[in-house]
Amino acid sequence: VEDMKNLAFRLASLFPSLFTLDKLQKCQMSFVTSSKHRCVDSTKAFIHGLAHTYLQLPIPTEDELEDVLCRDPLVNDTLMRFFDHCEKFVAQVEDNDTAMHELEKFKEGPEMRRVMHKIAELLSIPEGELNAGLVQVAFFTCSFELAINNDANSAWCRLFDEEDAKVLEYLNDLKQYWKRGYGYDINSRSSCNLFQHIFRHLDNAVSESKRSQQISTPVVMQFGHAETLLPLLALMGLFKDEKPLMADNFSTHLDQKFRSGRMVPYASNLVFVLYHCDLAKSPQEEYQVQMLLNENLLPFPHSHQSVCPFEDLKKQYRHLLDSCHVSDECQLTKVAHASEDEL
């Protein structure tokens, strides 16, 4: 809750001309969330941080809540949990026992065996009583205590050293890579609707600006999951390594680009910022876009620059804007097998 309130304060402080009391009261800010309670709660915490911490509005009483406009987020799972609505992803990745073969292979590999051997000795238990899943649960419990209590000396964290942490980080990266990232095309292609939705908002803002109209929705906030953000980053070609992450690639782990813990930490966020540049040298440069990932400038993969003319950006992603149709991408193709006699 505090994380999301503080994020709202920082973003509003960064863009004070957009996050204004007038725009909030006139419902010119859009708040969309997935249906999961944790996601809805995150959205409400963000709105609270914006309205009451940054804009310093008084917190309404229960009786006044009904009169507060534009504070309830809109639930849209088609956008924010697109993976649940993609038949091909569900069948070929989510529910496919063989899709995570590299992950399963790494669980049985020498790196994980070394970690399990060390922990078994620490706990004085037979190594056969441990498996990769139990070790991963212990590591996540350590990470939760570290994040929530800032306690690196908890009983759970004392089970691991830095080398163990690198192994378990790579284990999670393998899962995210093959289930949400570059492992299978459908992982990222399933996010096309969200990608196009973002660009439609940018397009609408440019069109309204060119007509000297007030921008109808200058702030669009969408709240999803790490599983929402990772496919979108992969769709845009960000954090792509030359070689795929494999069970036998651990030795190159620290040099890889795809490190999910850095890409999508707690309260991770991706921001598209559209600028109108009055002093632009040409019409093509009048509207420029920047991206921020976790509040840091994110260079565009095609140019490695941190700012890009909007028209150039649309050209770069024209194949996704014109040809990526989720209804086609996510449709399962049924293949009928027939013998030669039947033919």
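Details of the structure are given in the entry above.
Residues numbered from 1 in each chain as written. Predicted model: local features only at pLDDT ≥ 70, side-chain atom pairs only at ≥ 80, totals over all residues. Heavy atoms only, no water.

**Examining the overall build of the protein chain**
Test applied: Under the scheme used here, helices are H or I runs from DSSP no shorter than 4 residues and strands are E runs no shorter than 2 residues, and both carry numbers assigned from the N terminus. To sort residues, take the accessible area from a 1.4 Å probe on protein chains only and compare it with the maximum for the residue type: under 20% means buried, over 50% means exposed, and anything in between is partly exposed. The contact criterion used throughout is that any non-hydrogen atoms of two residues lie within 4.5 Å. Accessibility throughout is a Shrake-Rupley quantity obtained with a 1.4 Å probe, and a residue counts as covered only by protein chains that appear here. Counting rule for charge: Lys and Arg are taken as positive, Asp and Glu as negative, and neither His nor the chain ends is counted. One atom stands in for each charge, and that atom is NZ of Lys, CZ of Arg, CG of Asp or CD of Glu.
The number of helices and strands found in the protein chain is 16 helices and seven strands. Taken over the C-alpha atoms alone, the protein chain extends approximately 70 × 65 × 45 Å along its principal axes. For the protein chain, the proportion of its 343 residues judged to be buried stands at 43%. Counted over contacts in the protein chain with a minimum sequence separation of 6, partners at least 24 positions apart contribute 69%. Carbon and sulfur atoms make up 50% of the accessible area of the protein chain, which totals about 19,200 Å². The averaged location of the 51 negative side-chain charges in the protein chain is 4 Å from the averaged location of its 34 positive side-chain charges.

**Thoughts on the pairing of strand S1 (residues 29–33)**
So the rule is basically this: In this description, strands pair whenever DSSP reports at least two bridges between them.
Counting buried positions along S1 gives four out of five residues, so the element sits mostly inside the fold. Summarising the sheet, S1 and strand S3 (residues 219–223) pair through five bridges and their orientation is parallel. Among the inter-strand pairings, methionine 29 is bridged to a residue of S3, identified as valine 219. As defined by bridge partners, S1 adjoins strand S2 (residues 74–75) across two bridges and the pair is classed as parallel. By the bridge assignment, threonine 33 is partnered in S2 with valine 75.

**Topic: the nonpolar core**
The condition that has to hold: Think of a nonpolar core as a cluster: buried Ala, Val, Leu, Ile, Met, Phe, Trp, Tyr and Cys residues, connected wherever their side-chain atoms sit within 4.5 Å.
Counting 71 residues, the largest nonpolar core has Phe106, Phe195, Phe199, Leu270 and Phe272 as the members making the most contacts within it. Residues within four places of phenylalanine 106 in sequence aside, it is in contact with Glu111, Met112, Val167, Tyr170, Leu171, Leu174, Ala247 and Phe250.

**Overview of the state of the cysteines**
Under the convention used in this document: Note on disulfides: each one is a pair of cysteine sulfur atoms within 2.5 Å.
One pass over the structure, following the stated rule, counts three disulfides. Paired by a disulfide, cysteine 86 and cysteine 330 hold their sulfur atoms 2.1 Å apart. Residues cysteine 86 and cysteine 330 are joined through a disulfide that is left-handed, its torsion about the S-S bond being -100 degrees. Of this pair, cysteine 86 sits in the loop between helix H4 (77–80) and helix H5 (87–94) while cysteine 330 sits in the segment after helix H16 (326–329), placing them 244 residues apart in sequence. Paired by a disulfide, cysteine 142 and cysteine 157 hold their sulfur atoms 2.1 Å apart. Its S-S torsion of about 100 degrees marks the bond between cysteine 142 and cysteine 157 as right-handed, since a negative value means left-handed. Of this pair, cysteine 142 sits in helix H8 (residues 132–149) while cysteine 157 sits in the loop between H8 and helix H9 (162–179), and the two are 15 residues apart along the sequence. A residue is classified by how much of its surface remains accessible, and cysteine 157, at 9% relative accessible area, is buried. There is no disulfide at cysteine 39, and the cysteine sulfur nearest it, in cysteine 86, is 19 Å away.

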